[in-house]
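Observations on the three-dimensional arrangement
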Amino acid sequence: NGTTYPYQPDASSNRIRAVVLIAAGFDEQAAAAMVGQLRRSGLGVALVSTTAGLIRGKQGLAIRPDYSLETLPSENGILLVGVPGSKHSALALLTDPRVHRLFGRVLDHDGRLAILDGAETAFADAGLLDVLANTRCWLQGSQPLEPFTKQMRDYLDGWQTVTE
């Protein structure tokens, strides 16, 4: 089927357009669903962690992300940042100033944030849901994971059509 491992974005779209952020204790199922659905858009999608090397999810699965926040290219072409479920992981992300800078960069360039259900509690506890409600932020709420991640993919597909 032409798939190469490890995953590499299509050479014609080598710019990172979407980032899925994870920290220790992330929800493996939500992260995999989000990355899989977004990578089907054909645009560059990167799994990014707060630290380099292997990172363990809440069920103990260890994953090596594509980038750490330190090594993520600082280009302004990122259109979407997704935060998979898990309050523990989301709290770790929210205490990292690099995450806030990334959010700001994406929102300043008309991008979107997508916060999955398990992470919403951490954003609420940090007092950020009210702030983000006035921005381009999608909250999963009670929506099933598949349609929510498809909404993100459709958004990226729309950008791909505009940029071709």
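The structure reproduced in this document is the subject of the present report. Quick caveat: nothing in here was measured; it's all calculated off a predicted structure.

Despite not being glycine, aspartate 110 has its phi angle at roughly 65 degrees, a positive value. Mapped onto the secondary structure, aspartate 110 falls in the loop between helix H3 (97-108) and strand S7 (112-115).

Taken as a whole and judged by the stated rule, the model has eight salt bridges. Between aspartate 66 and arginine 39 there is a salt bridge whose closest N-O contact spans 2.5 Å. With aspartate 66 in the loop between strand S4 (62-63) and strand S5 (67-68) and arginine 39 in helix H1 (residues 28-39), the pair connects residues that are 27 residues apart, well separated along the chain. Residues joined in a network through salt bridges with shared partners are Glu70, Asp96 and Arg98.

Where helix H2 (residues 87-94) is concerned, the buried positions are Ser89, Ala90, Leu93 and Leu94. The buried residues of H2 occupy an angular sector of 135 degrees when the element is viewed end-on, so they sit on one face.

In the contact formed by H2 and helix H4 (residues 117-125), the axes pass within 7 Å of each other and the chain directions differ by 45 degrees. Judged on the interaxial angle alone, H4 and H2 are oblique. Handedness of the H2/H4 crossing: right-handed. On H4, the residues touching Lys87, Ala90, Leu91 and Leu94 of H2 are Gly118, Ala119, Thr121, Ala122, Phe123 and Asp125.

Parameters at a glance
Residues numbered from 1 in each chain as written. Predicted model: local features only at pLDDT ≥ 70, side-chain atom pairs only at ≥ 80, totals over all residues. Heavy atoms only, no water. Helix = DSSP H or I, 4+ residues; strand = E, 2+ residues; numbered from the N terminus. Salt bridge = Lys/Arg side-chain N within 4 Å of Asp/Glu carboxyl O. Buried < 20%, exposed > 50% of the residue type's maximum accessible area, 1.4 Å probe, protein only. Arc of directions from axis to C-beta. Axes fitted to C-alpha atoms, helices over the stretch in contact; angles between N-to-C directions. Parallel < 35°, antiparallel > 145°, perpendicular 65-115°, else oblique. Left-handed = near helix turned anticlockwise from the far one by under 90°. Contact = heavy atoms within 4.5 Å.

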